[in-house]
Amino acid sequence: MTDIKITRTDTDSKARYTAKLDGVAGEGELTLSKVSDMLIIVNHTAVPDAMRGMGVAGALALRVIADARQAGQKIVPLCPFMSSYVSRHKAETADIIS
């Protein structure tokens, strides 16, 4: 399987992660709002049909979790996908979920 390439773009109050796969049209995305230096809200995750079943949404979730953990932040998972992801991975995410 092709490596998933994830990039992050920031503004003062928001961030957007995009995921691309070589040879696959479109891009997956995960967006968040920065409440404070210590708290973020993941509010949207989307993956185009061409990327479904390839682990793209999970890779985006893992990346935002790793970034939040490294920054000492807590995550509020408002996005249905992210909420479901952390429910399925409670042991691995308990330290960063608010």
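Per chain, residues are indexed from 1 in the order of the written sequence. Whole-chain, interface and lining totals are the exception, using all residues; otherwise, since this is a predicted model, local features are given only for residues with pLDDT of at least 70 and side-chain atom pairs are given and counted only at 80 or more. As a rule here, side-chain values come from all non-hydrogen atoms in the structure, and water together with hydrogens is ignored.

Undergrad: In this structure, what is going on with the pattern of salt bridges? I would like to understand it.
TA: When the charged atoms of two side chains with opposite charge come close together, those side chains can pair. Basic side-chain nitrogens of Lys or Arg form a salt bridge, by our definition, when they fall within 4 Å of a carboxyl oxygen of Asp or Glu. Summed over the entire model, instances satisfying the criterion amount to 10 salt bridges. Note that Asp 67 and Arg 8 form a salt bridge whose closest N and O atoms lie 3.7 Å from each other. Here Asp 67 is found in helix α1 (residues 56-71), whereas its partner Arg 8 is found in strand β1 (residues 4-10), with 59 residues between them in sequence. Throughout, exposure labels follow a simple rule: accessible area from a 1.4 Å probe, protein chains only, divided by the maximum for the residue type, with under 20% read as buried, over 50% as exposed, and the rest as partly exposed. For Arg 8, a relative accessible area of 31% gives the class partly exposed. Where Asp 67 meets Arg 63, a salt bridge forms, and the shortest distance between an N and an O atom there is 3.1 Å. Here Arg 63 and Asp 67 lie together in helix α1, a separation of 4 residues that amounts to about one turn. A residue is classified by how much of its surface remains accessible, and Asp 67, at 18% relative accessible area, is buried. Secondary structure counts use DSSP, requiring at least four H or I residues in a row for a helix and at least two E residues in a row for a strand, with both numbered from the N terminus.

Undergrad: Would you explain the environment of Thr 18 in this entry?
TA: Structurally, Thr 18 can be placed in strand β2 (residues 14-21). Its relative accessible area of 9% is what places Thr 18 among the buried residues. It is 15 Å that separates the C-alpha atoms of Thr 18 and Ala 50, two residues lying 32 residues apart in sequence. Among all residues touching Thr 18, those that are not within four sequence positions of it are Lys 5, Ile 6, Thr 7, Glu 27, Gly 28, Glu 29 and Leu 60. We define a polar contact as two N or O atoms separated by no more than 3.5 Å, with the added condition that, inside protein, one atom must be a possible hydrogen donor and the other a possible acceptor, whereas residues neighbouring each other in sequence contribute only through side-chain atom pairs. A distance of 2.7 Å separates polar atoms of two side chains, one belonging to Thr 18 and the other to Thr 7. Whether two residues are in contact is decided by their heavy atoms: any pair within 4.5 Å suffices.

So far we have only geometry, and geometry alone does not tell us how the molecule works.
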